[in-house]
Amino acid sequence: MEIDATARPIYQRVLVKLSGEALQGDHLFGIDAAKLSRVVQEISGVIELGVEVAVVIGGGNLIRGADLCAAGFDRVTADQMGMLATVINGLALRDALKDKSIPAVLMTAFPIPSIAEQYDRSKAQDRLQEGKVVIFSAGTGNPLVTTDSAAALRGIEIGADIILKATKVEGVFDDDPIKNPKAERYSKLNYDEVISKRLGVMDLTAILLCQDHDMPLRVFNMNKQGALQRIMLGEDIGTLVQASE
């Protein structure tokens, strides 16, 4: 995507929520090198605009807590395993960014000192101001809490201008667009509508956190080349969720 030399981003600091599936590719499991490269390319386009980028990453491409519970694992243990899976994905993303000469740091919600920095709000903000991509892994460090909630929490803590939730569809719809081709996309929603319509944009805890702290959220298709960069430049992509006007 060619950038207008006079174009200026509308955001200074953003938090991108990536699911583990964003790294999965066409396989049922693992990290796909081509998908990882695409994610790095998208983040690079935002960095080129001078925007500070933080990332919260999931682990569903490696471990699904629901599947483990169904197989007989204790829920807390399953969630702990899932948190470790996000650290693996974070390591992969960090090194892939560094391979493209994009400085990045991985932070974990609980200490793993030989692998990553432990999350510290002030340090995270410092790293962002230094121009580094900050990757948050291990969720909030607590079981029974989703990475959606971790994204809302970290976005609020670091003072992000917006949370950008990457999905494989074009935004938020009134029905499942994969099953129903006639489903209609919402361009804008407020948080009350998301809750009352039970739209499943993020889990309820995450939505309430964003609502309580007036944190806007945009849901978009990460598979569309240049989508992140175009959002930075003010294009109406996906679905914007924000407080009622």
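Up top is the structure these notes are about.
Per chain, the residues get numbers from 1 upward, laid out in the order the sequence is written. The predicted nature of this model means local features are confined to residues of pLDDT at least 70 and side-chain atom pairs, given and counted, to a pLDDT of 80 or more, with totals for whole chains, interfaces and linings taken over all residues. By convention in this description, side-chain values take in all heavy atoms of the structure and omit both hydrogens and water.

1. Considerations on the overall build of the protein
Strands are runs of DSSP state E lasting at least 2 residues, helices are runs of H or I lasting at least 4, and numbering of each runs from the N terminus. In terms of helices and strands, the protein carries eight helices and 11 strands. Taking 18 Å as the expected radius of gyration for a compact globule of 245 residues, we find that the protein reaches 17 Å, a close match to that expectation. With the C-alpha coordinates of the protein rotated into their principal frame, the extents come out at 45 × 40 × 35 Å. In this analysis, two residues are considered to be in contact whenever any of their non-hydrogen atoms come within 4.5 Å of each other. Across the protein, every contact between residues at least 6 apart in sequence was considered, and the portion connecting residues at least 24 apart equals 71%. Side-chain charges in the protein split into 26 positive and 33 negative, and the spacing between the mean points of these groups amounts to 2 Å. Using C-alpha atoms as the atom set, the radius of gyration is obtained and then compared with a globule rule of 2.2 Å times the number of residues to the power 0.38. As used throughout, the charge tally considers Lys and Arg to be positive and Asp and Glu to be negative, leaving His and the chain termini uncounted. To locate a charge, take NZ of a lysine, CZ of an arginine, CG of an aspartate or CD of a glutamate.

2. A closer look at the packing of aromatic side chains
Pairing of aromatic side chains requires ring centres within 6.5 Å, counting the rings of Phe and Tyr and the six-membered ring of Trp. Pairs whose planes differ by under 30 degrees are stacked, by over 60 edge-to-face, and all others tilted. Scanning all chains against the criterion turns up one aromatic pair. Consider the ring centre and the ring normal. A charge sits over the ring if Lys NZ or Arg CZ is within 6 Å of that centre and within 35 degrees of that normal. Over the aromatic face of Tyr119 sits the side chain of Arg154, whose NZ or CZ is 3.8 Å from the ring centroid. The positively charged end of Arg154 is found above the aromatic ring belonging to Phe136, 6.0 Å away from the centroid.

3. Concerning the sheet that holds strand E9 (residues 188–190)
If DSSP finds at least two bridges between two strands, the strands pair. Across the sheet, nine strands lie side by side as E4-E3-E5-E2-E1-E6-E10-E11-E9; this open sheet has mixed pairing. Of all strands in the sheet, those bounded by a partner on one side alone are strand E4 (117–118) and E9. Pairing geometry for E9 and strand E11 (residues 239–242), over three bridges, is parallel. Note on E11: the bridge partner recorded for Asn190 is Gln242. Taken strand by strand, helix H1 (residues 33–47) contacts strand E1 (13–18), strand E2 (52–57) and strand E5 (133–137), and its axis lies near 150° from that of E2. Note on definitions: angles span 0 to 180 degrees between N-to-C directions of axes, and those axes are lines fitted to C-alpha atoms, for helices only across the stretch in contact.

4. Overview of helix H3 (residues 75–99)
The length a helix should cover is 1.5 Å for every residue beyond the first. With 25 residues, H3 ought to run about 36 Å at 1.5 Å a step, and its terminal C-alpha atoms sit 36 Å apart, in line with that. At the N-terminal boundary of H3, the capping side chain belongs to Asp74, with an oxygen 3.0 Å from the backbone nitrogen of Val76. One or two residues past the end of H3 sits Ser101, with phi positive at roughly 65°. Polar contacts, as used here, are pairs of N or O atoms within 3.5 Å; protein pairs need one atom able to donate a hydrogen and one able to accept it. Residues neighboring in sequence count only if both atoms are side-chain atoms.

5. A few points about the environment of Pro9
Inspection of the secondary structure puts Pro9 in the segment before E1. For the pair Pro9 and Leu97, spaced 88 residues apart in sequence, the C-alpha to C-alpha distance is 21 Å. Setting aside chain neighbours within four positions, we find Pro9 in contact with Leu49, Val51, Met232 and Leu233.

6. Examining the pattern of salt bridges
The term salt bridge refers to a pairing of a side-chain nitrogen on Lys or Arg with a carboxyl oxygen on Asp or Glu at a separation within 4 Å. Summed over all chains, the structure comprises 14 salt bridges. Across the salt bridge formed by Arg13 and Glu52, the nearest N and O atoms sit 2.7 Å from each other. Note that Arg13 is positioned in strand E1 and Glu52 in strand E2, a separation of 39 residues in sequence. Comparing Arg13 with Glu52 shows no difference in burial state: the two are buried. One salt bridge connects Lys165 with Asp148, and the closest N-O pair in it is separated by 3.3 Å. Residue Lys165 is located in strand E6 (residues 162–167), and its partner Asp148 is located in helix H5 (residues 147–158); the two are separated by 17 residues in the primary sequence. Since its relative accessible area comes to 13%, Lys165 is described here as buried. If you follow the salt bridges from partner to partner, you end up with Glu117, Arg127, Glu130 and Lys132 in one network. Each residue's exposure class comes from its accessible area (1.4 Å probe, protein chains only) as a fraction of the maximum for that residue type: buried when under 20%, exposed when over 50%, partly exposed otherwise.

7. Some details on helix H4 (residues 121–129)
Within the span of H4, buried status applies to Ala124, Gln125, Arg127 and Leu128. Take H4 and look down its axis: the buried residues cluster within an arc of 160°, on one side only. On its buried side, H4 packs onto E1, E2, strand E3 (104–108), E4, E5 and H5. For H4, the side-chain oxygen to backbone nitrogen distance between the N-cap and Ser122 is 3.1 Å, and the N-cap itself is Asp120. Positive phi appears at Gly131, one or two residues downstream of H4, with a value of about 90°. Here the arc refers to the set of directions running from the helix axis out to each C-beta atom.

Scope: geometric values only; no functional claims are made or implied.
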